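Coordinate inspection notes
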Amino acid sequence: MGLQQQVMEQMKVAMKSKDSVALESLRAIKSALLLAQTESGAGGNLSEADEIKLVQKLVKQRKDSASIYTEQGRADLAEPELAQAAVIEQFLPEQLTEEEIEKVVVQTIDATGASGMKDMGKVMGIVSKELAGQADGKTISTIVKNKLS
């Protein structure tokens, strides 16, 4: 079952249970999917990788907004953003732990012979492709910097 069908099924459940946070989150996913499908060149179909990137982007937006609200002392605005992020994250593959990401980074550094910050882009590209949807880019970047410096 594709992401769009999963979202529609979850929307029905959220409507029946009158869960407004889940419903708003699911509508955001549906909207983003429809926009991506109708963009020029998309051809109406999205690959699974594109769907994962789209969901990751939505989660990142919610978390970034929540952190900004928290910095400004607006917990009342941060909480709904984090709640929506939690609902949207259900559609992402299982996220890897930092230790698991670190193993992949070390293997990639060994395989490519990377030896310093000048090779960070090469390592990031390989690791990001390998862990697509399973790890946050910011986490990968931090681990790669630590290993190469």
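Residues numbered from 1 in each chain as written. Predicted model: local features only at pLDDT ≥ 70, side-chain atom pairs only at ≥ 80, totals over all residues. Heavy atoms only, no water.

This paragraph deals with the packing of helix α2 (residues 20-38) against helix α3 (residues 48-71). Close contact between α2 and α3 brings their axes to 10 Å; oriented N to C, the two are set at 130 degrees. Our classification of the angle between α2 and α3 gives oblique. Here the hand of the crossing between α2 and α3 comes out right-handed. Touching A28, I29, A32, L33 and A36 of α2 are E51, L54, L58 and R62, all from α3. (Axes fitted to C-alpha atoms, helices over the stretch in contact; angles between N-to-C directions. Helix = DSSP H or I, 4+ residues; strand = E, 2+ residues; numbered from the N terminus. Parallel < 35°, antiparallel > 145°, perpendicular 65-115°, else oblique. Left-handed = near helix turned anticlockwise from the far one by under 90°. Contact = heavy atoms within 4.5 Å.)

Before going further, it helps to examine the side chain of S25. Turning to its location among the elements, S25 is positioned in helix α2. With residues up to four places along the chain from it excluded, the contact list for S25 reads Q84, V87 and I88.

Between helix α1 (residues 3-16) and α2, the least distance of the axes is 9 Å, while the angle of their chain directions is 155 degrees. Judged on the interaxial angle alone, α2 and α1 are roughly antiparallel. Between α1 and α2 the crossing geometry is left-handed. Contact residues: L3, Q4, V7, M8, Q10, M11, A14 and M15 in α1; A22, L23, L26, R27, I29, K30, L33, L34 and Q37 in α2.

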